[in-house]
Amino acid sequence: MLAVKLLIREIRNGDVLTLLFALILSVSTVTGIDLFVDRLQTSFTIQSATLLAADRVVRSNTAITNERMEYAKEQGLETAQKTSFSSMVFSNEGLQLSQLSAVTGNYPLRGSYLVDDDLFGAGYSVEDGPSEGDIWVSSRLASLLGVGIGDAVQVGETDLTIRHYLVRDPGSTGSAFAIAPRAVINQDDLLKTQVIQPGSRVRYSLLLAGNEDALNQYEAWITPNLEKGERWRTPKSGGQGINSAIERAESFLLLAGTLAVVMSGVAMALASSRYVRRHLTQVAVIKTLGATPKKIAQLLLSQLAIIFLVGTGLGLLLGWLIQEVIALSLASLLSTVLPAASISNLWLGMVTGLMSLFAFCLPLLMRLFDVSPLTVLHPAGKVQLKSLQLYIIALTGMYLLMVVYTGGLLLPSIMIAAIFMVAVAIGIIGYGLFKLGRVLTSGAVSGWQIGLASLHRRLMGNLFQLLVFTLIIMLGLILIGVKSSLISDWQRQLPVDAPNHYLFNVQEGEVKQISDIADNLQIPVSEWYPMVRGRVVQINGQDADLLYTSDDKEPELLSREMNLTWSNELAEDNVLLEGEFGGNVNGLSIEEEVAKEIGLKIGDTLGVKIGGLDYQLPITSIRSVDWSSMRPNFYLILPQSILSDFPANYVSSVFIDKDNVQSFYKKMADFPTVSMLNVGDLIQQIQLIIAQVSQAIQLVLFFILSSAVLVLNASVRASLDERLEEGALLRTLGASKTLIRQSMLVEFGFLGFSAGVIGALAAELSLFGLQVFVFELAPSFHPLMWFLGPMTGFVVVSIIGLYAGKSVLTVPPMRMLRSL
Amino acid sequence: MKTNLAIKTQNLTHTVKTAADDLTILNDISMSIEEGESVAIVGASGSGKSTLLGLIAGLDVCSDGDVLLYGHNLSKLDEEKRADLRGQYVGFVFQSFHLLPSLTALENVMLPGELKGDKDAKRKATEFLEQVGLEHRLQHYPRQLSGGEQQRVAVARAFASSPKVLFADEPTGNLDSENGKMVTDLLFGLNEKQGTTLVLVTHDASLAQRCSRQIMMSSGKIIESLGKE
Ligand SMILES: Nc1ncnc2c1ncn2[C@@H]1O[C@H](COP(=O)(O)OP(=O)(O)OP(=O)(O)O)[C@@H](O)[C@H]1O
Ligand SMILES: [Mg+2]
């Protein structure tokens, strides 16, 4: 086949290779990042599932119906059950109200129990729950009861033997307030205990695990018919802190991928225009040899198809290797192994390859079909390569690719707006320079006018190059900016000494004693909040029961008893959004999200039932709350004047480091009614994920910046033909190497520096948009970028320019001229 | 002497649009060239020689009038058909050689044959390169050849398609007199041996002298047509 033959001959020439490399770069960057993001996501899902102890959970206030279990079996899902309830646990020495769960032998389906054989030990993991006749109790319960391993305790009507100390129950970390010390028994012992009587408060969970299709099928089936008191839980509905960290990381990686798309688009367009420019005359010559337009089209298109196949194939392979390398280095950094990449995700790389060809290559290449054979006699008949139409096609292609890639419009729109801004800015600067040139040289001798004409021609080339440099620098700066603000935000959110235990059910008289114990051990205690339970029963005078009759739609605020508190000062992790807050305000303060759910505004009244009494209170403020701060937080804050009439429990959170855990736990045994909830595991999990994500985005950043340098390099080289010609001519005219080197340094240095300045400006503006709209972070100013942009622009572009232009300086001018 | 007409133009006029106004490059040209003739088009720079050559060779269509190439009216054909005719009837040699830089000398000469799907292209190309005295440079790229050598490759390529008419736009314009003479000899030798019609544009008086006819142009018109005899 002639096309193949010609293509192989072309490869020796290098132009085809440039095009091929650009394609490989596009496909491999996009594929690499996409595969890697997918692996991270799967890894997050698995980790979240660990917290849920399953892939999905049906939670219910009544026993799980057979129908629910049958359908799960039909879908081929693995099931386990857990029943949670509170009950007295008796030992020879005492009794203690405890939080118990009874689990089937295969619980948990995901993750594992952490148990230990020493009191307050750190724990080791076991796959399955307790066997029949066994009970695992938390160290706290054991010390309260004065029992140890091997001892018998009594739960309801049955005796059970303590087998382990329970350190972590995988499915429980997400629940906000546990009521008492914990224990876990086998589901088969549940009946024998006879503790569950009609009217007992019991929570039933049906745990599901299996493949994603079956799970989705199940979800589609159950969500429309959730009964009263039933809830459908997914890993996403788990811990708040983890979700926002993961979502932001996903957005970041998506952004990174989007920038990779833009960058590879630029690379493709550069390579294509170089290819086309160098082939205009060649195609004209082939036309004079009798090649019909059809033949030309057939030749070029089949060559393009081959380039697509080879480039995409190699790109996919390289992309796969790259993400594998990133994943491996991540594994060695964090000792976590990511789940394998899924081959089915390679389609995105193929789409990228195809779209790149259609948007960045084909429109340019089609100009070759139209080349008049007359070009061989009259170079004037050359085709105009840079037309508005081509830019529009390329930008549209880029936009579509970003939309396909992100599955949304926001990010692509911000990016396109940024690119457009940069183009306009550079257009204005270029126009200004051009005008300036005209003014300075008008009326000059004709030699100047000729010079001006060529300057104008060069000006357009230089402006285009400035645009490319600026875009790449801007993209790099944006990524660096987002990365650092994400990471610092995470560190701010969850400092190493974030509280890891909640204390609650503390009586007023005990507050001082516990604070003293904590002080002695130098354990920081957050503020103590008084807590009174109450329920919202009316909204603006209307009964809440009548407002929301269908149960699954019942808003959070109305669904259960709330913990109410009073406070004269806003907690440091709360932000007052609207209204007034403070001791003298006689109304209630509500959390933003729950208010939004019902559409409550300042001035609406809520009827709150506390201890059998009804109060009508206006909403006087709306707060946002940082749920991931691990401090006690409340949906509703009421005036002290109302709550102080009721008996209150106090709640607080403390950070206990490893060394103090045992002593603090032992001291707390003196306060049997006080409950402690250890959220240390949850925090550790979040911190691990954040560390993982931070490392991942550093690596991806490094990867993208390296390909940015490659594209910069390609763009410098694209302009080299012209410069080579000039350089060779200058040298034949006797210019010294130093002179040429200096002039190149000035030219590239100026271009790089200006690109850095404009890029920093554009990046600052885009970052503002990204922080506010995409990452939901507070916008910030980035002084570092204003230094980094121009500096790297100057240094990198000059180095690449000088290096790439080395041939101008070393090759004998004679050879240079001949090869042109 | 054969009397078959190779080329005939009737009231050929060519106008191009420029930014300012329409520019008439060729004005009402009627002439004919017989098969086997060798014709030199001469005239001042900018008089329209290259444009005329391009039009009668079917590289473009004139804006008015007719051009007949072996009886085919080029104005009535689309680029597809004209390209076919070029492949069948026409060969070119250019002032700046226009060899494809990514192809070796041999591959350049093979190209016309390959485009037609000629299985024998390689053997024929080798023969033509032997005829121009470059049998030892088959695998060399254009950048490794001197201007004269490149032009000889171009001549070989032109003859490789066995054209009935060979068009040359200042074939010796970039060559010294010695290389120029070598290329001219080749052109006329092959013209005689294969009976090819030769149409060339030149500023070189001695080259023009060797042609059987000279067409003198000025400002887009033929002002004189001199036969040798
Ligand atoms: N596409 C075009 N647009 C504008 N002007 C053109 C175009 N093609 C040719 N011309 C003009 O037509 C005139 C004739 O051009 P042509 O190349 O035919 O001259 P020529 O006789 O071959 O000159 P030379 O001996 O210098 O090669 C020139 O003035 C040229 O500038
Ligand atoms: Mg000419």
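The rules behind each value
Residues numbered from 1 in each chain as written. Chains lettered and ligands numbered in written order. Predicted model: local features only at pLDDT ≥ 70, side-chain atom pairs only at ≥ 80, totals over all residues. Heavy atoms only, no water. Helix = DSSP H or I, 4+ residues; strand = E, 2+ residues; numbered from the N terminus. Contact = heavy atoms within 4.5 Å. Areas by Shrake-Rupley, 256 points an atom, 1.4 Å probe, with all protein chains shown as cover. Buried < 20%, exposed > 50% of the residue type's maximum accessible area, 1.4 Å probe, protein only. Domains from an automatic or database assignment. Buried area = accessible area lost by both parts, 1.4 Å probe. Salt bridge = Lys/Arg side-chain N within 4 Å of Asp/Glu carboxyl O. Polar contact = N/O pair within 3.5 Å; in protein donor to acceptor, adjacent residues only side chain to side chain. pLDDT = per-residue confidence, 0-100. Axes fitted to C-alpha atoms, helices over the stretch in contact; angles between N-to-C directions. Parallel < 35°, antiparallel > 145°, perpendicular 65-115°, else oblique. Left-handed = near helix turned anticlockwise from the far one by under 90°. Nonpolar A, V, L, I, M, F, W, Y, C, P; charged D, E, K, R; others polar. Pairing = 2+ DSSP bridges.

A word on the overall build of chain A
(1) Moving on: Counting its secondary structure elements, chain A contains 24 helices and 22 strands.
(2) Moving on: Sequence separation of 24 or more characterises 81% of the internal contacts of chain A that already satisfy a separation of 6 or more.
(3) Moving on: Within the structure as shown, chain A displays about 36300 Å² of accessible surface, and the carbon and sulfur contribution to it stands at 59%.

Concerning the side chain of T29 of chain A
Residue and element names in this part refer to chain A.
(1) Moving on: Examined against the element boundaries, T29 turns out to sit in helix α2 (residues 15–52).
(2) Moving on: Residue class for T29 comes out buried when judged on its relative accessible area of 3%.
(3) Moving on: Contact partners of T29, with chain neighbours within four places excluded, come to A260, F703 and S707.

Some remarks on the domain arrangement of chain A
(1) Moving on: Domain assignment breaks chain A into domain 1 (56–233), domain 2 (409–438 + 452–498 + 719–820) and domain 3 (525–654).
(2) Moving on: Look at where the C-alpha atoms of domain 1 of chain A and domain 3 of chain A centre, and you get two points 31 Å apart.

Focus on the interface of chain B and chain A
Often the size quoted for an interface is simply the accessible area lost on bringing the parts together.
(1) Moving on: Counting residues at the interface gives 30 residues for chain B and 29 residues for chain A.
(2) Moving on: Contact between chain B and chain A buries roughly 2700 Å² in total, counting both sides, with carbon and sulfur atoms accounting for 63%.
(3) Moving on: For the interface between chain B and chain A, the tally reads zero salt bridges.
(4) Moving on: Scanning the region where chain B abuts chain A turns up five residue pairs in polar contact (both at pLDDT 80 or more).

Some remarks on the confidence of the model for chain B
(1) Moving on: Put simply, chain B has an average pLDDT of 88, and 98% of its residues get 70 or more.
(2) Moving on: Two numbers describe this predicted complex: its pTM, 0.71, and its ipTM, 0.90.

Let's talk about the packing of helix α3 (residues 105–116) of chain B against helix α4 (residues 121–131) of chain B
All names here are of chain B.
(1) Moving on: Running from N to C, α3 and α4 point in directions that differ by 125°, and their axes come no closer than 8 Å. Here α4 runs oblique to α3, going by the angle between their axes. Two packed elements cross with a definite hand, and for α3 against α4 that hand is right-handed. Note on element contacts: α4 touches α3 through A121, K122, A125, T126, F128 and L129, opposite A105, L106, V109, M110, G113 and E114.
(2) Moving on: Within the contact of α3 with α4, the residues separate by chemical class into eight nonpolar, two polar and two charged.

Some words on the sheet that holds strand β4 (residues 64–69) of chain B
The strands that make up a sheet pair up through hydrogen bonds in the backbone, lying either parallel or antiparallel.
Residues and elements named next belong to chain B.
(1) Moving on: Judged by pairing direction, the sheet is antiparallel, and its four strands sit side by side in the order β2-β1-β4-β5 without closing on themselves. Across the chains shown, the open sheet's two edge strands, defined by having one partner strand only, are β2 (22–34) and β5 (72–73).
(2) Moving on: When β4 meets β5, the two strands line up antiparallel, connected through two bridges. Paired with L68 across the bridge in β5 is N73.
(3) Moving on: Strands in contact with helix α1 (residues 49–56) are β1 (5–17), β2 and β4; relative to β2, the strand with the most contacts, it is inclined by about 60°.

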